[in-house]
Amino acid sequence: QVQLVESGGGLVQAGGSLRLSCVASGSIFSINAMGWYRQAPGKQRGLVATITSRRSTNYADSVKGRFTISRDNAKNTVYLHMNSLKPEDTAVYYCYGRVNLNDWWGQGTQVTVSS
């Protein structure tokens, strides 16, 4: 069994910063892509950013230049550094991992940006 556990969400004012972390644990043989998705109330879950095992990255247009994804392969951890946060970034952020050739999701962490 594999678990993804997020941390780092919270309440921040517009223009502020947060860092999300996600650790993969369990019986892990391989981790390919990892990433972050988010879901705002009344909306579908959508891509925020992904990073491959070779650290190739992909970002949603709405976060380019403000968010940075990174990973520490030795720690099975992926990070999301969020700067210049906007109220429209408010959502539940979910960690994603392609682990052992299967897709795994974290339980989600709430990010709320006040105006």
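Residues numbered from 1 in each chain as written. Predicted model: local features only at pLDDT ≥ 70, side-chain atom pairs only at ≥ 80, totals over all residues. Heavy atoms only, no water.

1. Things to note about the pairing of strand 11 (residues 109-114)
Counted only if it meets this: Relative accessibility decides the category of a residue: with a 1.4 Å probe and only protein chains considered, values under 20% of the type maximum give buried, values over 50% give exposed, and everything between is partly exposed. Under the DSSP-based scheme used, a helix requires at least four consecutive residues in state H or I and a strand at least two consecutive residues in state E, with every element numbered from the N terminus. By the convention used here, strands pair only if DSSP detects at least 2 bridges between them.
Side chains Thr 109, Val 111 and Val 113 project from strand 11 onto a buried face, and the interleaved Gln 110, Thr 112 and Ser 114 project onto a face without burial. With 4 bridges joining them, strand 2 (residues 10-13) and strand 11 adopt parallel strand pairing. For Gln 13, the partnering residue across the bridge sits in strand 11 and is Ser 114. In the sheet, strand 9 (residues 91-99) pairs with strand 11 via 3 bridges, with the strands oriented antiparallel. For Val 92, the partnering residue across the bridge sits in strand 11 and is Gln 110.

2. Examining the packing of aromatic side chains
Test applied: Two aromatic rings from Phe, Tyr or Trp, using only the six-membered ring of Trp, form a pair when their centres are within 6.5 Å; if the ring planes differ by under 30 degrees the pair is stacked, by over 60 it is edge-to-face, and anything between is tilted.
In total, this model carries 3 aromatic pairs according to the counting rule given. Aromatic pair Tyr 37 and Tyr 96: ring centres 6.0 Å apart, planes at 70°, arrangement edge-to-face. In this pair, Tyr 37 sits in strand 4 (residues 31-39) while Tyr 96 sits in strand 9, placing the two residues 59 residues apart along the sequence. You can call Tyr 96 buried: its relative accessible area is 12%. With a centroid separation of 5.3 Å and an interplanar angle of 55°, the aromatic rings of Tyr 96 and Trp 105 are classed as tilted.

3. Some details on the side chain of Glu 6
The condition is simple: Positive residues here are Lys and Arg, negative ones are Asp and Glu, while His and the chain termini are left out of the count. Note on definitions: salt bridges are taken to be side-chain nitrogens of Lys or Arg within 4 Å of carboxyl oxygens of Asp or Glu. Polar contacts, as counted here, are pairs of nitrogen or oxygen atoms within 3.5 Å of one another; within protein the pair requires one atom able to donate a hydrogen and one able to accept it, and residues that are adjacent in sequence qualify only if both atoms are side-chain atoms. Between two residues, a contact is recorded if the distance between any of their heavy atoms is within 4.5 Å.
You can see Glu 6 is positioned in strand 1 (residues 2-7). Although Glu 6 lies buried, it forms no salt bridge, and the closest oppositely charged side chain, Arg 45, sits 7.6 Å away as judged by the N-O distance. Within the structure, the side chain of Glu 6 is placed 2.9 Å from the backbone nitrogen of Gly 108, a separation counted as a polar contact. Sequence-distant contacts of Glu 6, that is, excluding residues within four places in its chain, are made with Ser 21, Cys 22, Trp 36, Tyr 93, Tyr 94, Cys 95, Gly 106, Gln 107, Gly 108 and Thr 109.

4. Considering the environment of Ile 69
Secondary-structure assignment places Ile 69 in strand 7 (residues 67-72). What makes Ile 69 buried here is its relative accessible area of 4%. Ignoring anything within four residues of it in the chain, the contact list for Ile 69 reads Met 34, Gly 35, Trp 36, Ala 49, Thr 50, Ile 51, Thr 57, Tyr 59, Val 78, Tyr 79 and Leu 80.

Note that all results are geometric; they support no functional claim without further evidence.
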